[in-house]
Amino acid sequence: MDFSPLRDASATLGMTFFYIIQALLPPPERPMIFLTELHYHPPAALFAALMHADGILLEAHEHYRKQTYRNRCLIRTAQGVKPLTVPVLDGNRAEKVSVSAIEIDYRQNWIHQHWRTLQTAYGNSPYFEYYADYLHDIYVSKPALLFDLNQRFLRLLLKCFRITLPLHLTTEYHAYYPAQLSSENAALATPSLIADRRDWLTPKAAIKTPEPDTPAVSGLVQPYPQVFGPGFEPNLSVLDLLFSQGPAAGSFFNVR
């Protein structure tokens with residue numbers, strides 16, 4: 001007796017069942033890539049938000065913007081909150097230049113000023129000496145470009161929080177990114193979900209309307225003991241948290 005038709009029907013039924021099961025399963029989760037500009041010692045909220053990410057996409061082709069965290073940070077001193085600003089060459093035309101091409105102005109003695117201010121503000125904090133040498137090594141290396149300086153500091157800070165995420169650079173500028181970013185668009189290994197957080201952190205009023213799912217900066221970091229008080233000052237540089245809490249700094253992130 002020829003059983004071939006029966007075997008063929010069984011195989012067809014098996015494949016049909018397989019496709020039904022596949023259709024019922026939830027789709028595989030796409031990696032979530034955090035798109036951000038580079039900052040100079042950014043607020044701790046950035047690192048709290050990165051706890052949810054699968055990778056980091058750094059904006060390398062935007063035009064430079066003045067009066068942002070791209071070249072400044074905020075620390076707390078005995079006199080109150082103080083900005084530290086990295087001077088750049090040709091500041092008047094800087095906003096017409098790609099952020100990755102902005103040169104640092106070493107004619108000004110800003111490294112000495114920043115380092116002395118950090119020492120004065122945090123020299124007696126519990127963990128200043130714990131991180132000081134690593135930070136100082138980057139300062140004295142004097143990278144020519146602001147983008148390189150910020151990237152070196154970012155890589156160090158990620159290590160401080162034990163955040164091991166792949167870093168990618170954008171290959172061209174886009175004002176808006178689709179929620180799902182193909183690997184061809186930004187040299188990513190796989191198609192990914194993009195969380196556009198450019199200009200999410202800013203010392204000024206919001207530059208653009210945030211996306212509906214953008215987390216509130218103030219809710220990402222719990223109050224922690226600061227060197228100067230009274231009260232808690234939010235949105236300071238992440239250095240303020242690290243110098244105060246050291247390896248335990250990440251425990252102050254509200255990670256849900």
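Reading the values: the criteria
- Residues numbered from 1 in each chain as written.
- Predicted model: local features only at pLDDT ≥ 70, side-chain atom pairs only at ≥ 80, totals over all residues.
- Heavy atoms only, no water.
- Phe/Tyr/Trp six-rings, centres within 6.5 Å; stacked < 30°, edge-to-face > 60°.
- Helix = DSSP H or I, 4+ residues; strand = E, 2+ residues; numbered from the N terminus.
- Buried < 20%, exposed > 50% of the residue type's maximum accessible area, 1.4 Å probe, protein only.
- Expected span 1.5 Å × (residues − 1).
- Bend = angle between axes of the 7 residues up to and from the residue.
- Contact = heavy atoms within 4.5 Å.
- Axes fitted to C-alpha atoms, helices over the stretch in contact; angles between N-to-C directions.
- Parallel < 35°, antiparallel > 145°, perpendicular 65-115°, else oblique.
- Left-handed = near helix turned anticlockwise from the far one by under 90°.
- 1 Å grid on protein atoms, 1.4 Å probe; cavity = no way out; pocket = protein on both sides within 12 Å on 5 of 7 lines; lining within 4 Å.
- Points joined across faces, edges and corners; volume = space filled by probe spheres on them.
- Nonpolar A, V, L, I, M, F, W, Y, C, P; charged D, E, K, R; others polar.
- pLDDT = per-residue confidence, 0-100.

Side note on the packing of aromatic side chains
For the structure shown, the criterion picks out 15 aromatic pairs. On the numbers, 6.2 Å between centres and 70 degrees between planes, the contact of Phe-34 with Trp-200 is edge-to-face. Residue Phe-34 is located in strand β1 (residues 32–36), and its partner Trp-200 is located in the loop between β7 (192–196) and α7 (238–245); the two are separated by 166 residues in the primary sequence. With respect to class, Phe-34 is no different from Trp-200; both count as buried. Relative to Phe-243, the ring of Tyr-122 has its centre 5.1 Å away and its plane inclined at 55 degrees; by these criteria the two rings are tilted. With Tyr-122 in helix α3 (residues 110–122) and Phe-243 in helix α7, this pair connects stretches of sequence that are 121 residues apart. Both residues of the pair, Tyr-122 and Phe-243, count as buried. An aromatic cluster is present here, built from Tyr-40, Tyr-106, Trp-110, Trp-115, Tyr-122, Phe-128, Tyr-139, Phe-153 and Phe-243 joined pairwise through their rings.

Structural notes on helix α4 (residues 128–141)
In this model α4 runs 20 Å from its N-terminal to its C-terminal C-alpha over 14 residues, within 8% of the 20 Å that 1.5 Å per residue would give. A bend of about 25 degrees at Tyr-134 is the largest found in α4. Along α4, the positions that sit buried rather than exposed are Phe-128, Tyr-131, Ala-132, Leu-135, Ile-138 and Tyr-139. Residues of α4 that are buried make contact with α3, α5 (146–160) and α7.

Focus: the packing of α4 against α5
One can describe the packing of α4 onto α5 by two numbers: an axis separation of 10 Å at closest approach and a directional angle of 165 degrees. When the axis of α4 is compared with that of α5, the two are roughly antiparallel. Relative to α5, the crossing made by α4 is right-handed. Listed contacts from α5 to Tyr-131, Tyr-134, Leu-135, Ile-138, Tyr-139 and Ser-141 of α4 are Leu-149, Arg-152, Phe-153, Leu-156 and Cys-160.

A look at empty space enclosed by the protein
Summed over all chains, the structure comprises 2 cavities of 30 Å³ or more. Size it by volume and the largest cavity reaches roughly 50 Å³. If you go around the largest cavity, the residues you meet are Thr-36, Glu-37, Leu-38, His-39, Pro-42, Leu-46, Leu-58, Asn-150, Phe-153, Leu-154 and Leu-157. The greatest single-element share of the lining of the largest cavity, amounting to 4 residues, is contributed by α5. Each residue belonging to the lining of the largest cavity can be placed in one class, and the counts come to 7 nonpolar, 3 polar and 1 charged. As for the second largest cavity, its lining consists of Leu-38, Arg-70, Val-99, Leu-146, Phe-147 and Asn-150. Of the residues assigned to the lining of the second largest cavity, the class counts are 4 nonpolar, 1 polar and 1 charged.

Digging into the confidence of the model for the protein
Looking at the protein, pLDDT values average 84 and 77% of them are 70 or higher. Ignoring residues within four places in sequence, the model shows residues 205–210, a span with pLDDT below 50, making 5 contacts including any to other chains.

Notes on unusual backbone geometry
We note that Gln-67 has phi near 60 degrees; this positive angle belongs to a residue other than glycine. The topology assignment puts Gln-67 in the loop between β2 (55–58) and β3 (72–77). Note on Gln-67: relative accessible area 47%, which makes it partly exposed. For Asn-235, which is not a glycine, the phi torsion comes out positive at approximately 65 degrees. Here Asn-235 is to be found in the loop between β7 and α7.

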